Amino acid sequence: MAVAASEIFSGGPPRDGIPAIDDPRFEPAADAGLAPTEPVIALEIGSDARAYPLRTLLWHEIVNDTVGGVPVVVTYCPLCNSSLVFDRRTVRGVLDFGVSGLLRHSDMIMYDRQTESWWQQFAGEAIAGEMTGLKLRALPVRVESRARFVARFPTGRVLVEDPALGKPYGRNPYAGYDTEHWPFLFYGDYVGPVPALARVVSVGNDAWPLELLRNRGRIEHADLVLTWVAGQSSPLDTADTSEGRDIGNVVVQRYEARGFVDVVHDLSFAFAFKALRPDGRIHSE
């Protein structure tokens, strides 16, 4: 094991008690019955653009999918608000992932069904089992409103909810969580320039408070450009995910010879960034 066993705790549900989606179905995003401000994880590979609503991922946390011919795993950990997508191809072949029911620093530990190794969702890195030390390749995505996704991809598709699974989609089981004073099931220390449950936009070991970006509208750092515009509901605020307060839409890009390109980033809570990126820095100015 690459981490201390004392850092790993049960999140409550057993393994697969939170069921991953393995056979996702999609419909045109423009026709989906979602509020315009509902947040989605937006992934584009080639000409294939898909949206995964956080109102659905609140109840499943993992989607195993293939987009543009690339096998991917779409992940969302509500407790640390981390939304990341990884390429499922590894030296051991294509892996399928499930929810282990375990947490480290209040971040989901995934497991792969081929080797049963444990993977830290925040980093896409195996922390226990025969795959220990292997890292999945993260893919650039945006967490944006359904309306912005449709504007960018008029023919894009959105994940369809399956009523047969009996989940109260659109209902937030963590109502009021992102305005609490301390994260749920987090037993570590936190010292930072913003509250533990403040959102930060992170690229590698650098992070910026969402509130700072919101106030400025644009932040430039080295070759990075971060921008913010209004119009996305927080899925972790009110009981109804469509009625959460406006936390806005973030885009992170860098300039290359072909122009601005999206950069792998995350929009997690500050406590998770500091716990899982111990050498990371939250820029407060």
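To keep things clear, this report deals only with the structure shown in the data block. From a predicted model like this one, the values you see are computed outputs, not experimental measurements. (Residues numbered from 1 in each chain as written. Predicted model: local features only at pLDDT ≥ 70, side-chain atom pairs only at ≥ 80, totals over all residues. Heavy atoms only, no water.)

Below, the discussion takes up the sheet that holds strand β6 (residues 70–77). One open sheet holds the four strands; their spatial order is β5-β6-β7-β14, and the pairing between them is antiparallel. A strand with exactly one partner marks an edge of an open sheet, and here the two such strands are β5 (62–67) and β14 (138–139). Summarising the sheet, β6 and strand β7 (residues 82–87) pair through six bridges and their orientation is antiparallel. By the bridge assignment, tyrosine 76 is partnered in β7 with serine 83. (Pairing = 2+ DSSP bridges. Helix = DSSP H or I, 4+ residues; strand = E, 2+ residues; numbered from the N terminus.)

Bringing the nonpolar core into the picture now. Counting 61 residues, the largest nonpolar core has Ile41, Tyr52, Val72 and Phe271 as the members making the most contacts within it. If near-sequence neighbours (up to four positions away) are discounted, tyrosine 52 is found in contact with Phe26, Val40, Ile41, Leu43, Leu57, Val63, Asp65, Val67, Val74 and Leu159. Judged by nonpolar contacts, the second largest core, of 15 residues, contains Val201, Leu226, Val250 and Leu267. (Core = buried A, V, L, I, M, F, W, Y, C linked by side-chain atoms within 4.5 Å. Buried < 20%, exposed > 50% of the residue type's maximum accessible area, 1.4 Å probe, protein only. Contact = heavy atoms within 4.5 Å.)

For the structure shown, the criterion picks out 20 salt bridges. Taking the shortest distance from any N to any O, the salt bridge between arginine 92 and glutamate 130 comes out at 2.2 Å. Linking arginine 92 in the loop between β8 (89–90) and β9 (93–94) with glutamate 130 in the loop between β13 (125–128) and β14, this pair joins segments that are 38 residues apart in sequence. Of the residues examined, arginine 92 reaches a relative accessible area of 44% and is grouped as partly exposed. Its salt-bridge partner being arginine 218, residue glutamate 220 comes within 3.0 Å of it at the nearest N-O pair. Residue glutamate 220 is classed as exposed on the basis of its relative accessible area, which comes to 56%. (Salt bridge = Lys/Arg side-chain N within 4 Å of Asp/Glu carboxyl O.)

Moving on to the sheet that holds β13. Within a beta sheet, neighbouring strands are joined by backbone hydrogen bonds and run either parallel or antiparallel to one another. Taken together, the five strands give an open sheet; going across it, the order is β1-β10-β11-β12-β13, and neighbouring strands pair in antiparallel fashion. Looking along the sheet, the strands with just one partner apiece sit at the ends: β1 (8–10) and β13. Here the strands of the sheet are splayed against their neighbours by 50° on average, with no regard to which way each runs. For strand β10 (residues 97–104) and strand β11 (residues 107–112), the ladder comprises six bridges, and the chain directions are antiparallel. Directly across from leucine 103, in β11, lies its bridge partner methionine 108. (Axes fitted to C-alpha atoms, helices over the stretch in contact; angles between N-to-C directions.)

For the rest of this paragraph, the subject is the environment of aspartate 223. By the element assignment, aspartate 223 lies in the loop between β19 (218–221) and β20 (224–229). With a relative accessible area of 39%, aspartate 223 lands in the partly exposed category. Taking C-alpha positions, aspartate 223 is 36 Å from alanine 20, a pair spaced 203 residues apart along the chain. Discounting residues that sit within four places of it in the chain, aspartate 223 has contacts with Gln253, Arg254 and Tyr255. Among the polar contacts made by the side chain of aspartate 223, one reaches the side chain of arginine 254 at a distance of 2.9 Å. (Polar contact = N/O pair within 3.5 Å; in protein donor to acceptor, adjacent residues only side chain to side chain.)

Turning next to the state of the cysteines. Inspection of the entire model under this criterion finds zero disulfides. Considering cysteine sulfurs only, cysteine 80 is the nearest to cysteine 77, which forms no disulfide, with 3.5 Å between them. The class for cysteine 77 is buried, based on a relative accessible area of 2%. (Disulfide = S-S within 2.5 Å.)

The subject of this paragraph is the side chain of threonine 241. Looking at where threonine 241 falls in the secondary structure, it is placed in the loop between β20 and β21 (249–256). Side-chain polar atoms of threonine 241 contact the side chain of glutamate 38, separated by 3.1 Å. Leave out the neighbours within four places in its chain, and threonine 241 touches Glu38, Arg55, Leu58, Gly170, Arg171, Asn172, Ser233, Ser234 and Pro235.

The topology assignment puts arginine 281 in strand β24 (residues 281–282). Each C-alpha atom of the pair arginine 281 and alanine 222 lies 15 Å from the other, and the pair is 59 residues apart in sequence. Contacts of arginine 281, omitting those with residues within four sequence positions, involve Asn205, Asp206, Ala207 and Phe273.

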